[in-house]
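Observations on chain architecture
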Amino acid sequence: KQEVTQIPAALSVPEGENLVLNCSFTDSAIYNLQWFRQDPGKGLTSLLLIQSSQREQTSGRLNASLDKSSGRSTLYIAASQPGDSATYLCAVPSPYKLSFGAGTTVTVRA
Amino acid sequence: DTAVSQTPKYLVTQMGNDKSIKCEQNLGHDTMYWYKQDSKKFLKIMFSYNNKELIINETVPNRFSPKSPDKAHLNLHINSLELGDSAVYFCASSQVDPDTQYFGPGTRLTVL
């Protein structure tokens, strides 16, 4: 059974700092890994999907790395802004379902 | 245009009642899902459907009955609601599995 862990549970940084969010998973036989953002009271927005064959995936200020062998992914957010405040979730697929971590709640202070 | 929509957004009801949540996707996807997010914000799969066929039922009580009348819709009916059913329920869809999943805005169910 796939177990997904995210550390830290919460993070507070001043505006402009880079963010580093960690995700680990127990079964390294994955198809891909997805990072989502969830704003309070809202649904999930897909940020990045990184395929198992990739080491990195980038979108704007976001960069996700994947190390399958060690069961880890890291989401980097460069030059954080108050608008980046949200909960970030990583998820790993098994057939016909995603297993989610508990999320990292990020607060970027102006 | 909303890609994955859910109705209602909020649902407040008494214990023992029966209620339904509707989900529609206009993305032309083949696979749809229901997830439950509990009070600790942990998201867990409930059901998965592919081409209207049930693929996964993740040990959900049989008071929960999903129905997919066509590929664009996956509704969730809940009988005899209990306090522990209070949560946010999310519908999602994907073109194929395990492609990117697109989530609806969620339905916050409160059972009193």
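Everything quoted here is computed from the prediction, not taken from an experiment.

Here we look at the overall build of chain A
Scanning chain A from terminus to terminus reveals 0 helices and 11 strands. Ordering the α and β elements of chain A from the N terminus gives β-β-β-β-β-β-β-β-β-β-β. Radius of gyration (C-alpha) of chain A: 13 Å, near the 13 Å computed for a compact globule of 110 residues. Restricting to contacts in chain A with at least 6 residues of sequence separation, those with at least 24 account for 52%. About 5100 Å² of surface is accessible on chain A, with carbon and sulfur atoms providing 48% of the total. Positive and negative side-chain charges in chain A, numbering 9 and 8 respectively, have mean positions lying 5 Å apart.

Quick look at the state of the cysteines
In the structure shown here, the tally under the stated rule is 2 disulfides over all chains. Bridging Cys23(A) to Cys90(A), the disulfide has an S-S length of 1.9 Å. Taking the sign of the S-S torsion, about 70 degrees here, the bridge from Cys23(A) to Cys90(A) comes out right-handed. A residue pair is termed long-range when its members are at least 10 positions apart, and Cys23(A) in strand E3 (residues 19–25) and Cys90(A) in strand E9 (residues 86–94) qualify at 67 residues. As far as burial versus exposure is concerned, Cys23(A) and Cys90(A) are alike and both buried. Here Cys23(B) engages in a disulfide with Cys91(B); their sulfurs sit 1.8 Å apart. Here Cys23(B) and Cys91(B) share a disulfide; its torsion about the S-S bond, -75 degrees, makes the bridge left-handed.

A short note on the packing of aromatic side chains
One pass over the structure, following the stated rule, counts 8 aromatic pairs over all chains. Seen from their ring centres, Phe64(B) and Tyr89(B) are 6.3 Å apart, and the 35 degrees between their planes marks the pair as tilted. Taken together, the positions of Phe64(B) in strand E7 (residues 64–70) and Tyr89(B) in strand E9 (residues 87–94) put the pair 25 residues apart, joining distant regions of the chain. Taken individually, Phe64(B) and Tyr89(B) each receive the classification buried, so the pair is uniform in this respect. For the pair Phe90(B) and Phe103(B), a centre-to-centre distance of 6.4 Å together with 75 degrees between the ring planes defines the contact as edge-to-face. Separated by 13 residues along the polypeptide, Phe90(B) in strand E9 and Phe103(B) in strand E10 (residues 102–103) bring together distant segments of the chain. Given the relative accessible area of 9%, Phe103(B) is considered buried. Members of the aromatic cluster, joined through ring pairs, are Phe36(A), Phe100(A), Tyr33(B), Tyr35(B), Phe90(B) and Phe103(B).

Re the sheet that holds strand E8 (residues 73–78) of chain B
Residues and elements named next belong to chain B. Strand order in the open sheet formed by 4 strands is E1-E3-E8-E7, and the pairing between neighbours is antiparallel. Because the sheet does not close on itself, it has two edges, and the strands there are strand E1 (4–7) and E7. When the angles between neighbouring strand axes are averaged without regard to direction, this sheet yields 20 degrees. Direction of pairing for strand E3 (residues 19–25) relative to E8: antiparallel, over a ladder of 4 bridges. Bridging from a neighbouring strand, Ser20 pairs with His77 of E8.

Details of the sheet that holds strand E6 (residues 56–59) of chain A
Residues and elements named next belong to chain A. A sheet is described by the order of its strands in space; here 5 strands give the open sequence E1-E3-E8-E7-E6, paired in antiparallel fashion. The two strands at the open ends of the sheet, each matched to only one other strand, are strand E1 (4–7) and E6. Strand-to-strand twist in this sheet, taken as the mean axis angle between neighbours without regard to direction, amounts to 15 degrees. In this structure, E6 lies alongside strand E7 (residues 62–67), joined through 4 bridges in antiparallel fashion.

Thoughts on the side chain of Ser99(A)
Residue and element names in this part refer to chain A. Turning to its location among the elements, Ser99 is positioned in strand E10 (residues 97–100). Residue Ser99 is classed as buried on the basis of its relative accessible area, which comes to 14%. Not counting chain neighbours up to four residues away, the residues in contact with Ser99 comprise Gln2, Val4, Cys90, Ala91, Val92 and Ser94.

Cut-offs and rules
Residues numbered from 1 in each chain as written. Chains lettered and ligands numbered in written order. Predicted model: local features only at pLDDT ≥ 70, side-chain atom pairs only at ≥ 80, totals over all residues. Heavy atoms only, no water. Helix = DSSP H or I, 4+ residues; strand = E, 2+ residues; numbered from the N terminus. Rg over C-alpha atoms; globule rule 2.2 N^0.38 Å. Contact = heavy atoms within 4.5 Å. Areas by Shrake-Rupley, 256 points an atom, 1.4 Å probe, with all protein chains shown as cover. Lys, Arg positive; Asp, Glu negative; His and termini not counted. Charge placed at Lys NZ, Arg CZ, Asp CG, Glu CD. Disulfide = S-S within 2.5 Å. Buried < 20%, exposed > 50% of the residue type's maximum accessible area, 1.4 Å probe, protein only. Phe/Tyr/Trp six-rings, centres within 6.5 Å; stacked < 30°, edge-to-face > 60°. Pairing = 2+ DSSP bridges. Axes fitted to C-alpha atoms, helices over the stretch in contact; angles between N-to-C directions.

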